Amino acid sequence: MCLDNTSGAFGASSDMHARSFDPSQDKEDCYREWGNEKYDEDMTSLGYTGPATVAAALVKYLDTMSSKTLEGASILDAGCGTGFVGVEFLKTWKGAPVKLVGADISPEMMVSAKERGYTECHKVDLNKPLDYADASFCGIVSSGTFIQGHVNADPALPELYRVLTSGGVAILTVRTTFFEESGQFSTEIAKIEGAGGN
């Protein structure tokens, strides 16, 4: 596993962004108040390249798979928000059609994701067990979701691993400070690796 902060955010771009880091804030209310247009504007102003980096890595992985293998395949964008990763993915993916599934705590944000090409979207709290069946997705992506005050490694990482197909790929960004300070990611990754995951 390789970690760096070359695609990281540069700090809070608005009061709402700062508020979203507060673990005492209701995330659904916070994002509803933020509004899709302002959220997109704030995220764009950060120069955050995480979505493009994650999408490029997913395309690189999917390019190694045959069209037959990808037939009926689904990709999960965990914490899809308004669909930044999906936009980047759909701009560059030229292979077999895949189902792009968005999951987020904000139904309002997923309206934008759906408009941007997601096949379906589901309201999901990634800090709780997922309703998806085991081995549902050949790829899982997440950008800007694993940060302070948002989504924790437990239960999210074990749950994402559970819904990933054997041989599938999970491409997730984690804010460096959150990864290093919490210690929970190293613990959960070690458990997954101990169970035969890689």
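Before any of the text, the structure's been laid out above.
All residue numbers refer to positions counted from 1 along the written sequence of the respective chain. Totals for whole chains, interfaces and linings use all residues, but because this is a predicted model, local features are given only for residues with pLDDT of at least 70 and pairs of side-chain atoms are given and counted only at 80 or more. Excluded from the side-chain calculations are hydrogens and water; all other atoms, namely the structure's heavy atoms, are used.

Novice: Honestly, helix α10 (residues 184-194) in this entry has me stumped. Any pointers?
Specialist: When α10 is considered as a whole, its buried residues turn out to be Gln 184, Phe 185, Glu 188, Ile 189 and Ile 192. Along the long axis of α10, the arc covered by the buried residues comes to 125°, so they all point the same way. Every exposed residue of α10 that faces more than 90 degrees away from the buried side is listed here: Lys 191 and Gly 194. Close packing links the buried residues of α10 with β4 (137-146), α8 (153-163), β5 (164-174) and α9 (176-182). Throughout, exposure labels follow a simple rule: accessible area from a 1.4 Å probe, protein chains only, divided by the maximum for the residue type, with under 20% read as buried, over 50% as exposed, and the rest as partly exposed. We count a stretch as a helix when DSSP gives it H or I for four or more residues in a row; a strand needs E for two or more, and each element gets its number in order from the N terminus. Arc, as used here, means the arc of the directions from the helix axis to the C-beta atoms. Two residues form a contact once any of their heavy atoms are found within 4.5 Å.

Novice: How should the pattern of salt bridges be read in this particular structure?
Specialist: Any two side chains of opposite charge can pair, given that their charged atoms come close. For salt bridges, the criterion is a side-chain nitrogen of Lys or Arg within 4 Å of an Asp or Glu carboxyl oxygen. Enumeration according to the criterion identifies five salt bridges in this entry. Here Glu 88 ties to Lys 91 by a salt bridge, and the two come within 3.4 Å at their closest N and O atoms. Taken as a pair, Glu 88 and Lys 91 lie in helix α6 (residues 84-92) at a separation of three residues, close to a single helical turn. Residue Glu 88 is classed as partly exposed on the basis of its relative accessible area of 23%. Looking at Lys 91, the relative accessible area reads 51%, which means it is exposed. One salt bridge connects Glu 159 with Arg 162, and the closest N-O pair in it is separated by 2.9 Å. Here Arg 162 and Glu 159 lie together in helix α8, a separation of three residues that amounts to about one turn.

Novice: Explanation requested: the side chain of Asp 77 in the structure shown.
Specialist: Along the polypeptide, Asp 77 turns up in strand β1 (residues 74-78). For the buried Asp 77, no salt bridge exists, and the shortest N-O distance to an oppositely charged side chain is 9.8 Å, to Arg 116. Here the side chain of Asp 77 touches Tyr 118 through a polar contact of 2.6 Å, side chain to side chain. For the purpose of charge, His is not counted, nor are the chain termini; Lys and Arg are scored as positive and Asp and Glu as negative. Any N or O atom pair separated by 3.5 Å or less is treated as a polar contact, with the protein-specific requirement of one donor-capable and one acceptor-capable atom, and with residues adjacent in sequence counted only for side-chain atom pairs.

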